[in-house]
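One letter stands for each residue in the lines below.
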Amino acid sequence: MNNFNHYYDTETTRQVISIVVINEHNVLSRIVGLFSARGYNIDSLTVAPMSGSKYSRMTIVTTGDKRVIDQIVKQLNKLIPVLRVNEHKNVVEKDTVLMKFSIDNNLSDIDVIARAYHGSIQNVTDEAIIVSATDSSERIMNFIKVMEKFNPLEVVRSGIVAMER
């Protein structure tokens, strides 16, 4: 067994990467292009400006073995608009979902379930109700599964935001 294979673990892991970039046009396409050109997948991507600055924070969730993750980080650090790249190990991460249901559903059941996932009713019209929930990705996926019995009209997820503990 050579040292290269011994050093790099071939186990695929999920990695949260935070990138601080200069907030200018084409930055998002350059970063996404870096992933697609090398055949790396982005499982989740969120971008938002950092208040009071000319920078934005991107949170990317990807999967790969240690070699792939190391390569992604190395390539991201080479891009000019990138100021900082952090591979998060110990994070608080949240995902948000908005779900729209017909008003014909049992609203009290929907509300009780949403509250169990840090959610609540956000809007009610004559035709529909919109519920939001914010929790870990795994719990949001479970919430969506549980809520399928109410036949959602629409489901929209935010993508993951994360912060190191």
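Preceding block: the structure.
The shown structure was predicted, so the numbers you read here are calculated from the model rather than taken from an experiment.

1. Overview of unusual backbone geometry
For His 118, which is not glycine, the phi dihedral falls at a positive 55°. Residue placement: His 118 occurs in the loop between helix H4 (107-116) and strand S6 (119-124). Classification of His 118 as exposed rests on a relative accessible area of 56%. The phi dihedral of Asn 151 falls on the positive side, at around 50°, and the residue is not glycine.

2. What about the packing of H4 against helix H5 (residues 137-147)?
For the pair H4 and H5, interaxial distance at closest approach is 10 Å and the crossing angle is 165°. Classified by the angle their axes make, H4 and H5 are roughly antiparallel. Regarding H4 and H5, the two cross each other, and that crossing is right-handed. Where H4 approaches H5, its residues Ile 110, Ile 113, Ala 114 and Ala 116 are matched on the opposing element by Arg 139, Phe 143, Val 146 and Met 147. Residues of the contact of H4 with H5, tallied by class, amount to seven nonpolar, no polar and one charged.

3. Some details on the packing of aromatic side chains
Applying the stated criterion to the full structure yields two aromatic pairs. Look at Tyr 117 and Phe 143: their rings are 5.1 Å apart centre to centre, the planes differ by 50°, and that puts the pair in the tilted class. With Tyr 117 in the loop between H4 and S6 and Phe 143 in helix H5, this pair connects stretches of sequence that are 26 residues apart. A single burial state applies to Tyr 117 and to Phe 143, both of which are buried.

4. Quick look at the side chain of Gln 15
Residue position: Gln 15 is located in strand S1 (residues 13-22). The class of Gln 15 is buried, set by a relative accessible area of 6%. A polar contact of 3.5 Å, which involves the side chain of Gln 15, links it to the side chain of Lys 89.

5. Notes on the sheet that holds strand S4 (residues 82-88)
Read from one edge to the other, the open sheet built from four strands follows the order S2-S3-S1-S4, with strand pairing classed as antiparallel. The open sheet has two free edges, formed respectively by strand S2 (42-49) and S4, since each of these has just one partner strand. Taken over all neighbouring pairs, the strand axes of this sheet differ in orientation by 15° on average, direction set aside. Here S1 runs beside S4; their pairing, made up of six bridges, is antiparallel. Bridging from a neighbouring strand, Ser 18 pairs with Asn 86 of S4. Along the sheet, helix H2 (residues 27-37) makes contact with S1, S2, strand S3 (55-64) and S4, crossing S3 at roughly 15°.

6. So, a nonpolar patch on the surface
A contiguous nonpolar patch, built from Leu 28, Val 32 and Val 47 and spanning about 210 Å² of accessible area, is present on the exposed surface. Secondary-structure assignment places Val 32 in helix H2.

7. Some details on the layout of surface pockets
One water molecule sets the probe size; rolling that probe over the atoms shows where empty space is left. Estimates place the volume of the largest pocket at around 210 Å³. Forming the boundary of the largest pocket are 13 residues, of which Thr 46, Arg 57, Thr 59, Val 161 and Ala 162 lie nearest the centre. Counting only elements with at least two residues in the lining of the largest pocket, the list comes to S2, S3, strand S5 (91-102) and strand S8 (154-164). Tallying contributions element by element places S2 first for the lining of the largest pocket, with four residues. Residue composition of the lining of the largest pocket, grouped by class: eight nonpolar, two polar and three charged.

Parameters at a glance
Residues numbered from 1 in each chain as written. Predicted model: local features only at pLDDT ≥ 70, side-chain atom pairs only at ≥ 80, totals over all residues. Heavy atoms only, no water. Helix = DSSP H or I, 4+ residues; strand = E, 2+ residues; numbered from the N terminus. Buried < 20%, exposed > 50% of the residue type's maximum accessible area, 1.4 Å probe, protein only. Axes fitted to C-alpha atoms, helices over the stretch in contact; angles between N-to-C directions. Parallel < 35°, antiparallel > 145°, perpendicular 65-115°, else oblique. Left-handed = near helix turned anticlockwise from the far one by under 90°. Contact = heavy atoms within 4.5 Å. Nonpolar A, V, L, I, M, F, W, Y, C, P; charged D, E, K, R; others polar. Phe/Tyr/Trp six-rings, centres within 6.5 Å; stacked < 30°, edge-to-face > 60°. Polar contact = N/O pair within 3.5 Å; in protein donor to acceptor, adjacent residues only side chain to side chain. Pairing = 2+ DSSP bridges. Patch = residues over 30% accessible without salt bridge, like charges linked within 9 Å, V, L, I, M, F, W, Y side chains within 5 Å. Areas by Shrake-Rupley, 256 points an atom, 1.4 Å probe, with all protein chains shown as cover. Salt bridge = Lys/Arg side-chain N within 4 Å of Asp/Glu carboxyl O. 1 Å grid on protein atoms, 1.4 Å probe; cavity = no way out; pocket = protein on both sides within 12 Å on 5 of 7 lines; lining within 4 Å. Points joined across faces, edges and corners; volume = space filled by probe spheres on them.

Worth remembering: the numbers are spatial, not functional.
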